[in-house]
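# Coordinates in review
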Amino acid sequence: MVVNFKSILIIAGKVTAGLRLIMTWLIIGFFGYMAIAVLVQVVGRYVFNYSIDWAAETATFAQIWMILLAAGLAMRSNLHVSVDALTNILPVPILRLLTIVIAVPCLWFLWKAIVGSIVLIDIGHIQTSPVLQIPMWIPYLALPIGLIYFGLELVLSLVVKWKDPKGSAVESEKLTA
Amino acid sequence: MTVTLIVFLILIVIGTPIVFALGVSAALTISMMDIPMSIVSQRMYAGLDSFTIMAIPFFVLAGIIMERGGIAKRIIDFSVALVGWITGSLLLVATVAGIGMAAVSGSGAASTAAISSIMLREMRERCYNIDFSVGLIAAAGTLGPVIPPSIMMVVLATTSNLSIGRAFLGGVAPGLLMAFAIMIACYVYAKRGGDVYRDNEPFSLRRLGRTFIAAIPAFIMPVVIVGGIIGGIFTPTEAAAVAVLCGLIISIYIYKEIGFKAIPSMVLRAAAISAAVMMIIGTASVFSWLIASQNVPALIADLLHEATNNPLVFLLLMNFLLIFIGMFMEGISAILVMVPVLLPIATSFEIDPLHFGVIVVMNLSIGMITPPYGITLYVASSVANRSVLQVSRKIGLPFSLIFAILMLTTIWPELVTYLPDLFLPNVIID
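Owing to the predicted nature of the structure, the values given are computational and were not obtained by experimental measurement.

### Overview of the packing of aromatic side chains
Two numbers describe a pair of aromatic rings. These are the distance of the centres and the angle of the planes. Summed over the entire model, instances satisfying the criterion amount to 19 aromatic pairs over all chains. An angle of 25° between the planes, with centres 5.8 Å apart, marks the rings of Phe30 of chain A and Trp65 of chain A as stacked. Of the two residues, Phe30 of chain A is situated in helix H1 (residues 2–46) and Trp65 of chain A in helix H2 (residues 53–76); the sequence distance between them amounts to 35 residues. Residue Phe30 of chain A is classed as partly exposed on the basis of its relative accessible area, which comes to 22%. Taken together, a centroid distance of 6.2 Å and an interplanar angle of 80° make the contact between Phe109 of chain A and Phe20 of chain B edge-to-face. Of the two residues, Phe109 of chain A is situated in helix H3 (residues 92–124) and Phe20 of chain B in helix H2 (residues 18–32); the pairing between them involves two chains. Relative accessible area serves as the criterion here: at 2%, Phe109 of chain A is assigned to the buried category.

This is the structure in structure tokens:
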């Protein structure tokens, strides 16, 4: 039984690592596309005297995907800011309890937002984008996928915070822009 | 509505990430009212569905490229040649470098990290008071959000429907005055401090020229960004993308400090930082929509108008409120939570929205050096291995001088509006 549990953990760890790698490259890809599309727009306007409407539209869609996927990445890097000046003085056991107490409403919110985004995707099957007539479910789909990944990273961050309730709070401040 | 606010405050106090504190309290209110829950997802999507706001990830990435690409070092070298011969030299150098970094980067914390990691060692070697030096570098970091380009100004402009170009220009004069105030703090402290601070290098015109030439690529950035926006060549988003391209060319081909291999990690970092900011924009828009639909700003405005009709009194009250909020909350989230409530009240007092906005940004920049939560204070003291508490004891002098500039800006709206009216008089929105 113990061995089985361990192997499940190992497999789960591998799946998570694989998922993170995919997310990482998707984020880089969307960001890169965004930058190139905007630069192409500038070059198009000034060098070829040609206005490229589709560049702005697709760049915005890439931004939506990039940001929603990176929300989970930010969770993993502990970049989501919070006011921790008041909780930092608390003893470790209470801090541990608080991380769990906090996670519950957060997951509830993510759940509500994911369910809400399914409604949007349904509408997106009949809507199309103004310039390229892209079906709108394509950008809307970023919501449930990004938020599910966000929730996963939130749960994983609980493990880290349980082990080191104070250290992570310090880290988050150091990394914020 | 009371429920929304109480839940929000409780969540904030127990340390919930702000993005969730806003989302949860808004979603809870919506679930109690007769509104479909999909409005939450819709608003979050709408917050990201904007070409203008794309300036944020680009400015963040440009800032990271400059932090890692050797631009900070050149700016500091040039500052040493420029003011290194005056009493309190290194303190003045840190301030001038702060102006330079503010003009190339969009955030305060990144430039503070760069300046303190390069300068603190020499300050220690020359026996400068380390706590004052740390406080001063942190204070120079407050210039970041006020002097363009600035991520905080982009967020401010998009939440209050102002032109980003005008907001950028509005920060120039107050930002430079803040820098001047910090320099006075350096000089006054160094004069009283004794011989340690008079250990200067003589002025050399040749060195000034040499370091200036090395720093030219860095100075091209603000010219391209701000000049491009003022001249109507670029939209702010395009200017930010061009800044990324320029930063890469300068760091890879001119300064040769990073290679192409460094790009993915910088992009990832920029993506994560932007996501942290922009997800808050999404949940804050649900929250502020609820606040607005309940007429909260109008209620507060009525209450205030019963007490006074003087706009100056309102602005002073607002300054104290925002300084207090800045002690606990990070600037961008504070803008997203507070501006939708405060702006309608400000306009009811007939205050110019741009003047109001720049004052908000100044307040929240000052919040970066006020303990317990002050980001630049935190960054600089952790580089120096000092506690925020130790450093805060020495922050009084720079703080009060910057505060004086805030007061001056509060009573003198033209300080903010003169440059935007001169260069971008007819621009309403970018």
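### Description of the nonpolar core
Ranked by size, the top nonpolar core spans 215 residues in total, and within it Leu147 of chain A together with Val40 and Phe58 of chain B carry the most contacts. Among the elements that take part in this core, helix H14 (residues 263–293) of chain B stands out by supplying 19 residues, more than any other. Setting aside residues up to four positions removed in sequence, Phe58 of chain B forms contacts with Phe31, Met34, Ala35 and Val38 of chain A together with Thr237, Ala240, Ala241 and Val244 of chain B.

### Here's the deal with the side chain of Thr60 of chain A
Counting through the fold element by element, Thr60 of chain A comes out in helix H2. Of the polar contacts made by the side chain of Thr60 of chain A, one reaches the backbone oxygen of Ala56 of chain A; its length is 2.7 Å. Residues within four places of Thr60 of chain A in sequence aside, it is in contact with Leu48, Asp49, Ser50, Phe51 and Met54 of chain B.

### Details of the interface of chain A and chain B
Contact with chain A, which involves 61 residues of that partner, is made by 65 residues of chain B. For the pair chain A and chain B, the summed buried area comes to about 5,500 Å², and 79% of that belongs to carbon and sulfur atoms. The interface formed by chain A and chain B contains one salt bridge. The salt bridge involving Glu238 of chain B is made with Arg45 of chain A; its shortest N-O contact spans 2.7 Å.

### A few points about the packing of helix H7 (residues 108–125) of chain B against helix H8 (residues 130–141) of chain B
Residues and elements named next belong to chain B. Running from N to C, H7 and H8 cross one another at 155°; their axes reach a closest spacing of 9 Å. Judged by the inter-axis angle, H7 sits roughly antiparallel to H8. Our pair here, H7 against H8, has a crossing hand that is right-handed. Contact with H7, carried on its side by Gly108, Thr112, Ile115, Ser116, Leu120, Met123 and Arg124, involves Ile130, Ser133, Val134, Ile137, Ala138 and Gly141 of H8 and no other residues of that element. For the contact of H7 with H8, the per-class residue count stands at seven nonpolar, five polar and one charged.

### Looking at the confidence of the model for chain B
Chain-level statistics for chain B give a pLDDT mean of 88 and a share of 99% at 70 or above. What the predictor reports for the complex is a pTM of 0.88 with an ipTM of 0.90.

### Things to note about the packing of H3 of chain A against helix H3 (residues 38–48) of chain B
Running from N to C, H3 of chain A and H3 of chain B point in directions that differ by 85°, and their axes come no closer than 7 Å. Judged by the angle between their axes, H3 of chain A and H3 of chain B are roughly perpendicular. Residues Phe109, Ala113, Gly116, Ser117, Val119 and Leu120 of chain A of H3 of chain A touch H3 of chain B, and the partners they reach there are Ser38, Val40, Ser41, Gln42 and Met44 of chain B. Broken down by class, the residue content of the contact of H3 of chain A with H3 of chain B amounts to six nonpolar, five polar and no charged.

Cut-offs applied
All residue numbers here refer to positions counted from 1 along the written sequence of the relevant chain. Each chain is given a letter, starting from A, and each ligand a number, starting from 1, according to the order in which they appear as written. It should be noted that, the model being predicted, local features are given only for residues of pLDDT at least 70 and side-chain atom pairs only at 80 or more, the latter also being counted only at that level, while totals for whole chains, interfaces and linings use all residues. Side-chain metrics in this entry use all non-hydrogen atoms of the structure; hydrogen atoms and water are not considered. Between rings of Phe, Tyr and Trp, where Trp is taken as its six-membered ring, a pair exists when centres lie within 6.5 Å; planes separated by under 30 degrees are stacked, by over 60 edge-to-face, and by other angles tilted. Helix and strand labels come from DSSP, where a helix needs a run of H or I of at least four residues and a strand needs a run of E of at least two; each type is numbered from the N terminus. The rule is simple: take the accessible area with a 1.4 Å probe, protein chains only, and divide by the maximum for that residue type; under 20% is buried, over 50% is exposed, in between is partly exposed. Nonpolar cores are built from buried Ala, Val, Leu, Ile, Met, Phe, Trp, Tyr and Cys residues. Side-chain atoms within 4.5 Å join them into one set. Contacts were defined at the residue level, with two residues in contact if any of their heavy atoms lie within 4.5 Å. Polar contacts here mean pairs of N or O atoms no more than 3.5 Å apart (in protein, one a potential hydrogen donor and the other a potential acceptor; neighbouring residues in sequence count only if both atoms are side-chain atoms). The term buried area means the drop in 1.4 Å probe accessible area that two parts suffer when joined, counted for both and summed. The term salt bridge refers to a pairing of a side-chain nitrogen on Lys or Arg with a carboxyl oxygen on Asp or Glu at a separation within 4 Å. Between N-to-C directions, angles cover 0 to 180 degrees, with each direction set by a line fitted to C-alpha atoms, over the stretch in contact for helices. For classification, angles of less than 35 degrees are called roughly parallel, those exceeding 145 degrees roughly antiparallel, those between 65 and 115 degrees roughly perpendicular, and all remaining angles oblique. With the far helix as reference, a near helix turned anticlockwise by less than a right angle produces a left-handed crossing, and one turned clockwise produces a right-handed crossing. Nonpolar residues are Ala, Val, Leu, Ile, Met, Phe, Trp, Tyr, Cys and Pro. Charged residues are Asp, Glu, Lys and Arg, and all others, Gly as well, are polar. A residue's pLDDT is the confidence the predictor assigns to it, expressed on a 0 to 100 scale.

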